[in-house]
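# An overview of the molecular structure
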Amino acid sequence: MKKTAEINATPICQVRMQAISDTMSLLSGKWKFHILGTLIEGNTLGFMDLLREINGIGTKMLSKELQDLEVNNLVNRKVMNTKPITVEYSITEYGKTLSPLIDEMAKWGIDYRKKVYLKEGLSD
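Residues numbered from 1 in each chain as written. Predicted model: local features only at pLDDT ≥ 70, side-chain atom pairs only at ≥ 80, totals over all residues. Heavy atoms only, no water.

## Re the packing of aromatic side chains
Taken as a whole, this structure holds one aromatic pair when the rule is applied. Plain terms: the ring middles of Trp108 and Tyr112 are 5.2 Å apart, the flat faces sit at 10° to each other, and that makes the pair stacked. Residue Trp108 and its partner Tyr112 are located together in helix H6 (residues 99-117), separated by four residues, close to a single helical turn. (Phe/Tyr/Trp six-rings, centres within 6.5 Å; stacked < 30°, edge-to-face > 60°. Helix = DSSP H or I, 4+ residues; strand = E, 2+ residues; numbered from the N terminus.)

Here it is as structure tokens:
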């Protein structure tokens, strides 16, 4: 007879797991945190500025990721009436709420790298 889940079976845990799943789905991928972090630090940047700031990303991928972030209300896109047309991107107020999460992930990553490169091990 198969045992049933106990820890994740509670209503509170189900809501929590769904929220984590939603967050991971929204922010998944190699570039979204790079884009969000850059816009949090740089406020308003043009497409080419973002392309220069985010090492390794291509134009198609940057365009796709910015569209995803805009659809999900994390990034604003403003088309300027210039010749040629200029597009500026900025973080939304809602997007700014990710700043503490990004900061904590950076802190964790720094600590993790120290452990790995100093060969302290990860069993602590």
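## A short note on unusual backbone geometry
Residue Pro84 is reached from Lys83 by a cis peptide bond, and omega for that bond is -5°. With respect to the element layout, Pro84 can be found in the loop between strand S2 (75-80) and strand S3 (86-91). A positive phi angle, near 60°, is found at Asn43, a position not held by glycine. As for its placement among the helices and strands, Asn43 is situated in the loop between helix H2 (32-42) and strand S1 (44-46). Given the relative accessible area of 49%, Asn43 is considered partly exposed. Positive phi outside glycine occurs at Asn73, with the angle close to 60°. For Asn73, a relative accessible area of 44% corresponds to the partly exposed category. (Buried < 20%, exposed > 50% of the residue type's maximum accessible area, 1.4 Å probe, protein only.)

## Comments concerning the UniProt feature "domain: HTH hxlR-type" (unreviewed entry) in the chain
Annotation from UniProt places "domain: HTH hxlR-type" (unreviewed entry) at residues 13-117. With 66% helix and 14% strand, residues 13-117 has its two end C-alpha atoms placed 36 Å apart. (UniProt positions renumbered as here; feature names shortened; annotations may be inferred.)

## Here's the deal with the environment of Phe47
Inspection of the secondary structure puts Phe47 in helix H3 (residues 47-53). In sequence terms Phe47 and Asp111 are 64 residues apart; their C-alpha atoms lie 32 Å from each other. Here Phe47 is in contact with Thr59, Leu62, Ser63, Leu66, Val87 and Tyr89, once residues within four sequence places are set aside. (Contact = heavy atoms within 4.5 Å.)

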